[in-house]
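Overview (structure and organization)
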4 protein chains.
Amino acid sequence: MTRTQHSSAAGQPEPPGGDDPALPPVEAAANVPLDCGPLLAAYDEVRSATEALAAPLSPEDQCLQSMDMASPTKWHLAHVTWYFETFILTGTKTANGDVYTPHHPDYGFLFNSYYNSVGPMHARPERGMLSRPSVSEVSAYREAVDSAMRHLLASGQLDDDVERRGLLELGLHHEQQHQELILTDIKHALSANPMLPAYAKPRPLANPPALASHEWVDHPEGLASIGHDGDRFAFDNERPRHRTFLEAFALGSRPISCGEYLDFMDDGGYTRAELWLSEGWDVIRSENWNAPGYWFRRGESDPWQIQTLHGPREVFPGEPVTHVSFYEADAFARWAGSRLPTEAEWEVAAADRETSGNFVESGFLHPRAGEAVTGAEAQLYGDVWEWTASPYVAYPGFRAPEGPVGEYNGKFMCNQLVLRGGSCVTPASHIRATYRNFFPAETRWQFSGIRLAKDAR
Amino acid sequence: MTRTQHSSAAGQPEPPGGDDPALPPVEAAANVPLDCGPLLAAYDEVRSATEALAAPLSPEDQCLQSMDMASPTKWHLAHVTWYFETFILTGTKTANGDVYTPHHPDYGFLFNSYYNSVGPMHARPERGMLSRPSVSEVSAYREAVDSAMRHLLASGQLDDDVERRGLLELGLHHEQQHQELILTDIKHALSANPMLPAYAKPRPLANPPALASHEWVDHPEGLASIGHDGDRFAFDNERPRHRTFLEAFALGSRPISCGEYLDFMDDGGYTRAELWLSEGWDVIRSENWNAPGYWFRRGESDPWQIQTLHGPREVFPGEPVTHVSFYEADAFARWAGSRLPTEAEWEVAAADRETSGNFVESGFLHPRAGEAVTGAEAQLYGDVWEWTASPYVAYPGFRAPEGPVGEYNGKFMCNQLVLRGGSCVTPASHIRATYRNFFPAETRWQFSGIRLAKDAR
Amino acid sequence: MTRTQHSSAAGQPEPPGGDDPALPPVEAAANVPLDCGPLLAAYDEVRSATEALAAPLSPEDQCLQSMDMASPTKWHLAHVTWYFETFILTGTKTANGDVYTPHHPDYGFLFNSYYNSVGPMHARPERGMLSRPSVSEVSAYREAVDSAMRHLLASGQLDDDVERRGLLELGLHHEQQHQELILTDIKHALSANPMLPAYAKPRPLANPPALASHEWVDHPEGLASIGHDGDRFAFDNERPRHRTFLEAFALGSRPISCGEYLDFMDDGGYTRAELWLSEGWDVIRSENWNAPGYWFRRGESDPWQIQTLHGPREVFPGEPVTHVSFYEADAFARWAGSRLPTEAEWEVAAADRETSGNFVESGFLHPRAGEAVTGAEAQLYGDVWEWTASPYVAYPGFRAPEGPVGEYNGKFMCNQLVLRGGSCVTPASHIRATYRNFFPAETRWQFSGIRLAKDAR
Amino acid sequence: MTRTQHSSAAGQPEPPGGDDPALPPVEAAANVPLDCGPLLAAYDEVRSATEALAAPLSPEDQCLQSMDMASPTKWHLAHVTWYFETFILTGTKTANGDVYTPHHPDYGFLFNSYYNSVGPMHARPERGMLSRPSVSEVSAYREAVDSAMRHLLASGQLDDDVERRGLLELGLHHEQQHQELILTDIKHALSANPMLPAYAKPRPLANPPALASHEWVDHPEGLASIGHDGDRFAFDNERPRHRTFLEAFALGSRPISCGEYLDFMDDGGYTRAELWLSEGWDVIRSENWNAPGYWFRRGESDPWQIQTLHGPREVFPGEPVTHVSFYEADAFARWAGSRLPTEAEWEVAAADRETSGNFVESGFLHPRAGEAVTGAEAQLYGDVWEWTASPYVAYPGFRAPEGPVGEYNGKFMCNQLVLRGGSCVTPASHIRATYRNFFPAETRWQFSGIRLAKDAR
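Since the model is a prediction, treat every value here as computed from it, not as a measurement. (Residues numbered from 1 in each chain as written. Chains lettered and ligands numbered in written order. Predicted model: local features only at pLDDT ≥ 70, side-chain atom pairs only at ≥ 80, totals over all residues. Heavy atoms only, no water.)

Residues and elements named next belong to chain C. With mixed pairing, four strands are arranged side by side in an open sheet as β11-β10-β9-β12. In the strand order of this sheet, the two ends are held by β11 (437-439) and β12 (448-449), each with one partner. Bridging between strand β10 (residues 417-420) and β11 involves three bridges; their strand directions are antiparallel. In the sheet register, Leu419 faces β11, and the bridge partner there is Asn437. (Pairing = 2+ DSSP bridges. Helix = DSSP H or I, 4+ residues; strand = E, 2+ residues; numbered from the N terminus.)

See below:
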């Protein structure tokens, strides 16, 4: 691997953490007081994108819950709707002048996810037991709320209501998070079917591009700033922007490929305790893991297959490896003589890049074979969420927002790791340099992958 | 409770175990060589009865699996079809002269239930993960097999094939067993939904009849014969007919009512260790049981409600108590100073009765308030399966049949108890005096109830 | 295997179920009103036998609890003492004229086993957590109770107290049951130590006798009586003596040997589903059983070893196989084309035999290689407890005794199987033809073995 | 609470992380090449301190293992001995000139804790099953190794062997860690006994000193250095010393008291979801926690009791609260409107303090009522390990040592939190400002307590 000098953001006055592109229609109006026209356009765009994702799925598909951490498509469709009903519509006036009444008295209980402050909720592992309301009843729920939302936004009731406009914007980003989960959850659920059905027909693929070489991109030491403090939207956990000291480091120019991961496997990666965190070693033995998630093969000498959202196929050596846990990412890095980056290192490297890449809009719904990598420029967005070495904790000076949405992020700040950069099923407008995703170390059903880092000499 | 003398079958030369009514069209031809006309009529009748049971359920409903022991409606629909495809159609000639080929190459794996000898199978607890094949694909599967079966029966290929005709008749009784499970399983699944949806609209009820008094019906001691040896259909576990010695005993004239069970509850039934088998005491504490299954109430002073296939309603004191485990039945009997009957006692008492009662055809889908009891005549069929004190074991001289159906009953003869008499969701033509149902002691999702017995002094 | 006609007890007027030898000193006085001299001798004999069993064990050994179903030696020593203190000494006068006060206020809680009616109790799985009271404190407890018991018996207070004399006799048999458990439990606990320590030094063995051939001993059909109704001691579960009808059957002349069991293993016994009860098949796969308990070997081609109370050694083909579950016994029998006997068959065959055999007093502490078998005479006692096909249920007319000891046996009559005949660690005076031992089907830590039966023609 | 200005180490050139006092005899020679005299003295001191801790315990006590994470005293005694045998004695010459042979061929397997690179090991949860080797055999093992070690140190073989001298010093610190665990583990084990026995007789207590007021001590923002780079001993996880940027913060002047924690409890602390991390909320409900570990009371209106190493007694309001999980510490801090300190904040505050406090040598074996606090000077050492908000991760530039001891700390860097300062059962010579202890968030059996911090402003 060669070494390329790179002018790092570390030590620069102010990396542009606050100027990222987010949901396009809303952010166009970000520096002036919001009027609700762009909000309405953004609302319609996000809501219809969600429905497009559910469209290929039958009512039976939409009810599946294959593990506690995943939810049925139908539940996602209803839950994001419940958010708008609960946090935006409550107390507003409808078209006929009445105060808005909830669409159904039981939905608040059924479709609350984890907001203890809003009231009791249905147990997460039981979401797959809800054959009723049916898919068409949930569809009617969406339409009713959409209609009420459109009336509300047109009515001018929110024009002076900065708090609700903020909650509405949060609701759109929240729904985008669930768009990604609709895909990762249905992938997990369909893979529990021995017939290995596809979520969608594959789009015809051109020849996969050749894999670029893996380069090291250097970054100098210095006091850097990370986090978000601009006017544009960011989740509470990205704030406040703050200083952190970084030693000089180098970052790999692209995610690790399946071919490189196969080398690790062939070198006994899953059988050598010295490569693993103690917990990771326990997990791979108790779970009998000897390859990434969704990999399978008939016999020991058969080639590895992978289940994708387009059905099963052979593993391509040149494509980024994905569905690895933090433990596997960490063990691979140790085997490779390097380590995972911290989230500060990642953000400093990403701060001045465009957030372009292989996102959900490409329709590939899988990391693509290396084509985004050109020369020594590290492509940091899309394809796979990149595990960092950083546990998910509050930034210095973090304050949870007041009210129910104060539960949004802060209460999960324990025993999770930060992932960065978005994946092939993330909406493009959802990601930014300061974005902090987080999952427990054993998580594999997300499109998670490996970026290497190392200390500069 | 009064005591009534009854002329018992015990000691009689030969109780008529072999002359019970079963599936009407087939048994009409039981004593002469079968031709396939009645078989076809029976086939059509059983198959359409199954579909009628599934009709009120949406595709989402039909996919639900709420516990390992229960299966989705869709799975039941496909599994009983797989039986005919595998054991009857395999190797036969289709209308165009070809050897029959299975409808789908994966269905053998997916819809085998437990026949190890037929090949590997999909894990039972994962049946709820099968969104595909869809309900309409399963419907197409049923139609394809039905069409092939009708051709086969019309073609004369089975006219000389006694073995396959026997397997076909077994398949019809097998499908009737799954008809009952369709109802008990969907009841369990729908009750996991906090909205407590109904399986079907209730039919209008006339005033419930008054509860008859509980009488003791005496039976003398003697050498009795139980089991089945007639020509008509019986499961392997009902054979062979054999002798057993019975001490004099008395049997309660009707099942125990909810009102009587409430007396037990009010008398501290669930809190007094001396009333319980040791295992039962452990179970009610670990499961926090303090009432029968499907009973619930808001607060300690509210009346008990029950979830039925027609939705929730108040508990009627006069109706038979149901959804009790063996442990609860046994504890109730001990509290009442009596005991549960053995299966031999039950069969001797039932042998000369008509198999009439509240079965699935009545459409009540719940035990009815006592009306079937008149005077001292014990009504032993329908309403609730009656727990006996008899562990489910092989009869003396039992031989499992040759071939795959040898797995049908024998391999479950351990740690289960025999239940007798059929329930409100059993097809009327399915039951007979010698019929042995069996479930583990903690089972509550079946329509199981309590019949008392006691030693004659 | 040859067939030998045998004059069976079946159909005879009254097999001598009530005349078995039990604890020698007490039974000598069985037909006349008890005076307490023989009781005192029996008490001293039983108590000192218990202590002799504990003598080879260090204080550390005596604290071990290796599974929920087993108990530490020290707990056994204290629990049997608590029985006498609670059921005999309570309310009696001590040497100085005071009413007896319990030795320690906490021992009632700690050493009650399962008598709910006597009060709360320490959780069974936590018995290994009791480092205190120490072994020497338990020893002092035993001495204090023994001293009080001796005074009581000498004082004449029990001369007219038939109930307490009965409870005392029960206490002696109860202590003998725990003598057996001391050995089976410590065997299990020591085998959890990778050093495989021995309980005791082996005694020098003469050449093992040659294994007798396996013969079938026929028994005619008929109405037989089983159970106990004599004056001598029997547990409540052996009563009442009652009639049962037996078809003609044949019983194997000796327990199955390790060599025969190895044939079953070599024939794929543990890999053929059709040989197993459904539950058994699940258990052997989830537990990875492929040989009897305490068997192990280094590699696939090494000879099987067995851990004994004298430490590990090779398996002898000629010795009775032991530490098999009911599932394994049942599968072996099916493989051999036969079945397990019912407990009635076993008892009828055993009723007129002497209860001699390889019991704990022989000091072998393991089934011995076949020597007890001579010709066609089935040796039915000692060596291994023989699994029967009979679930453990109440005999017709069974009545649990009044008072706390009513919990002794009845509440366990569910999901257990009856074993007959005693084992190499049973006290000889403890066994009789009517004796019913019982354990769950998966039990392997007892010295349980296999006796075959089959239907006559 | 008042605010006191404090001259913080943050931003200072070099906080004295490398000059801490450690094991006294060894460190006296830290700056000159080691000769083995001080090492021998240190060895003898540490080894005899361990034995003094075990002395009050009976052989039965020393075998107890009450949970997977804890080990029996006897195992600790043998394991630390195994360390010296394996890493120091292997390959050296004994007094008679032979190469050292291990004391017992099985001990390597039994007493390895987690060094995968050294070979297979006995499963941790099974350590309580080792009645053999006995306590006296372990004692003989200790004596044999001590004798060989003393010979080795006197022989001059290590004079030029810097690596082994380093491993020996590591072994002494390792044994000190196990000294602490001997006490926390036996406390847990004895508390599983309903008699609540004491580890040791209490020493007479003078009147507890009055609780000092809780003050805030300010620290300015700045670039600080933390970690260890001196010559003296430190664990690998304390290295390397490195720069980190701290915002201005304030630290509480003393640990939170039981009285303050009771205020939190009385204010509904355990029933208000908004105070808890999501995981913590799940844990307190599934574990039914409503008070710190070892607290209990008879009824709802009785005063809280605490089980101590000297037995049960009332909770003193003025003593530091201990046996709280990270979740409880975090929830308390949120309730108090503050937060937990980061480990960097803690270390910067502690860097120039003497490491004096209530350590194991005081013999109290419990946090003492506040007496160590004088005025505004925060006492940061002893009494309770203080949970920090910092997940346990590698410092920038961390390198695991070569060889087996490379497994010592690094492989546990996942899903644990750092604790600082030592406790009432930590040896005084074991602690230093840079010392990083770590446990999972739900841990309560250590003497863990609460130090508050808050952002300045």
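Residues and elements named next belong to chain B. In this sheet, strand β7 (residues 305-308) lies alongside strand β6 (residues 295-296) in antiparallel orientation, the contact comprising two bridges. When the sheet's bridge partners are listed, Trp295 is paired in β7 with Ile306. In the sheet, β7 pairs with strand β8 (residues 311-314) via four bridges, with the strands oriented antiparallel. The residue bridging Thr308 from the neighbouring strand is Gly311, located in β8. Counted along the chain from β7 to the antiparallel partner β8, the turn is two residues long.

This part covers the interface of chain C and chain D. Facing the 31 residues of chain C at the interface are 31 residues of chain D. Where chain C abuts chain D, roughly 2,300 Å² becomes buried across the two surfaces, and 61% of that area is made up of carbon and sulfur atoms. With its nearest N and O atoms 2.9 Å apart, the salt bridge here joins Asp61 of chain C to Arg132 of chain D. Where the side of chain C that touches chain D is concerned, the elements lending two or more residues are α3 (59-62), α5 (107-111) and α7 (162-191) of chain C. Among the residues forming the side of chain C that touches chain D, the class breakdown is 18 nonpolar, eight polar and five charged. (Contact = heavy atoms within 4.5 Å. Buried area = accessible area lost by both parts, 1.4 Å probe. Salt bridge = Lys/Arg side-chain N within 4 Å of Asp/Glu carboxyl O. Nonpolar A, V, L, I, M, F, W, Y, C, P; charged D, E, K, R; others polar.)

Quick look at the pattern of salt bridges now. Residue and element names in this part refer to chain D. For the structure shown, the criterion picks out 100 salt bridges over all chains. A salt bridge links Glu343 to Arg420; the shortest N-O distance between them is 2.7 Å. With a gap of 77 residues between them, Glu343 in helix α10 (residues 343-350) and Arg420 in strand β10 (residues 417-420) connect regions that are remote in the sequence. When sorted by exposure, Glu343 lands in the same class as Arg420, which is buried. (Buried < 20%, exposed > 50% of the residue type's maximum accessible area, 1.4 Å probe, protein only.)

Opposite the 31 residues of chain A that make contact, chain B presents 31 residues. For the pairing of chain A and chain B, the buried interface totals around 2,300 Å² over both sides, and the portion due to carbon and sulfur atoms is 61%. For the pair chain A and chain B, the number of links is two salt bridges. Secondary structure elements with two or more residues in the side of chain A that touches chain B: α3 (59-62), α5 (107-111) and α7 (162-191) of chain A.

On to the relation of the copies chain A and chain B. Two copies of a chain can be linked by a rotation about an axis combined with a shift along that same axis. Each copy of the sequence occupies a distinct position, and chain A is placed on chain B by a rotation of 180° and an axial shift of 0.0 Å, giving an RMSD of 0.0 Å. Here the copies are linked by what is in effect a two-fold axis. Taking C-alpha positions as reference, the residue of chain A nearest the rotation axis is Glu60 of chain A, located at 2.6 Å. (Least-squares fit on C-alpha atoms with pLDDT ≥ 70 in both.)

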